[in-house]
Each structure stands twice: as C-alpha cells, then as structure tokens.
Amino acid sequence: MLDVELVNRTLQCELLPGELYLSRQAHWHIAKDHPDDYDACMSALHRVGQSPGLIGQAPNHSDNFELVIRFRSKSPEQEYVLIAVGLEVDEDGLYRIKTAYRLPERTITARRSAGRLHLTKGA
C-alpha cells in the first residue's frame, strides 16, 4: 500500500490513489545490480509505502519519486534503503517500483542538504 496523501503533502504534488508494485523485471534488476542490498531492500518494501522517513525526487529522474526508510545495520553509521517509484499510476492502479538499493547516512545527509530528500509531513 502506498500512502499517497503522505507523498502529496511532502512533495506538494497530486498523486492518484494506488498500490506499490514490484514487477518481476524490477525484482530481477535489484537482485542482479544490487545483490548486497537485496535482503535489506526486500525487507524495506514491506514497510516503506506506509512509513517512509524521507521522500524526494532526483533532478535527473523527474519521472520517479523516492521513498527512503532507515534500517538497522551492523555498521556504526545508519543505513537507509531508497526505493525509486514511477510517478504515474498505471492502468491497473499501480505505482511501479523501478529500483531499490541501500544508501549510507552521509549520502542521505548530502541529499537532504541539497533539497532532494525531505522529512515526511504528517497530517
């Protein structure tokens, strides 16, 4: 489930209601291109639609938005999972996940400083 109202408030956009969807192709892409991140990404997918900590949009990927969730790791630095989602709902009412991968805290901090990621704005 995707909390579109949370995304709309945070990004000041007007997404239509819809569900998150991970296609077989996107699943394969995550497993192949981000194998070390795979377990964390699959775990994050179950929570991120309803409770992302950060939401953003990359300037060079204007057709996607990003949901970010923090997770526990063995590293002393916090780690996050970024899930890129297509901005348009498809004919089946689905927001298609494009990719997912882990990011270190320093990258999150840099993207927040650049205005690319925002804390979610509750009701």
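For the structure, see preceding data.
Residues numbered from 1 in each chain as written. Predicted model: local features only at pLDDT ≥ 70, side-chain atom pairs only at ≥ 80, totals over all residues. Heavy atoms only, no water.

Caption draft 1: Looking closely at the overall build of the protein. Counting secondary structure elements, the protein contains 4 helices and 6 strands. Listing each helix as α and each strand as β along the protein from the N terminus yields α-β-α-α-β-β-β-β-α-β. Relative to its length of 123 residues, the protein is compact, with a C-alpha radius of gyration of 14 Å against a globular reference of 14 Å. With respect to the principal axes defined by its C-alpha atoms, the protein has extents near 40 × 35 × 25 Å. Buried residues in the protein amount to 42% of all 123 residues. For the protein, contacts bridging at least 24 residues in sequence account for 54% of all contacts bridging at least 6. With 15 positive and 17 negative side-chain charges, the protein shows a spacing of 7 Å between the two charge centroids. (Helix = DSSP H or I, 4+ residues; strand = E, 2+ residues; numbered from the N terminus. Rg over C-alpha atoms; globule rule 2.2 N^0.38 Å. Buried < 20%, exposed > 50% of the residue type's maximum accessible area, 1.4 Å probe, protein only. Contact = heavy atoms within 4.5 Å. Lys, Arg positive; Asp, Glu negative; His and termini not counted. Charge placed at Lys NZ, Arg CZ, Asp CG, Glu CD.)

Caption draft 2: Examining unusual backbone geometry more closely. If you check the backbone angles, Gln12 has positive phi at about 55° while not being a glycine. Mapped onto the secondary structure, Gln12 falls in the loop between helix H1 (4-11) and strand E1 (19-21).

Caption draft 3: Just the sheet that holds strand E6 (residues 117-119), in detail. Taken in spatial order, the 6 strands of this open sheet run E1-E5-E4-E3-E2-E6, and their pairing is mixed. This sheet does not close on itself; its edge strands, each paired only once, are E1 and E6. If you compare each strand with its neighbour and ignore which way they point, the axes differ by 35° on average. Bridge count between E1 and strand E5 (residues 94-104): 3 bridges; the pairing is parallel. Residue pairing for E5: Tyr21 is matched across the bridge by Arg96. (Pairing = 2+ DSSP bridges. Axes fitted to C-alpha atoms, helices over the stretch in contact; angles between N-to-C directions.)

Caption draft 4: Summary view of the environment of Arg112. For Arg112, the position within the fold is in helix H4 (residues 105-113). When its relative accessible area of 40% is taken as the criterion, Arg112 is described as partly exposed. Expressed as a C-alpha distance, the spacing of Arg112 and Leu54, which sit 58 residues apart in the sequence, is 9.0 Å. Not counting chain neighbours up to four residues away, the residues in contact with Arg112 comprise Leu54, Leu117 and Leu119.

Caption draft 5: Inspection of the pairing of strand E3 (residues 64-71) at higher detail. Burial within E3 is extensive, with 7 of its 8 residues counted as buried. Alignment of strand E2 (residues 54-56) against E3, held across 3 bridges, turns out to be antiparallel. Pairing of Gly56 across the sheet is with Glu66, part of E3. Pairing between E3 and strand E4 (residues 79-86): 8 bridges, direction antiparallel. What sits directly across from Arg70, in E4, is Tyr80.

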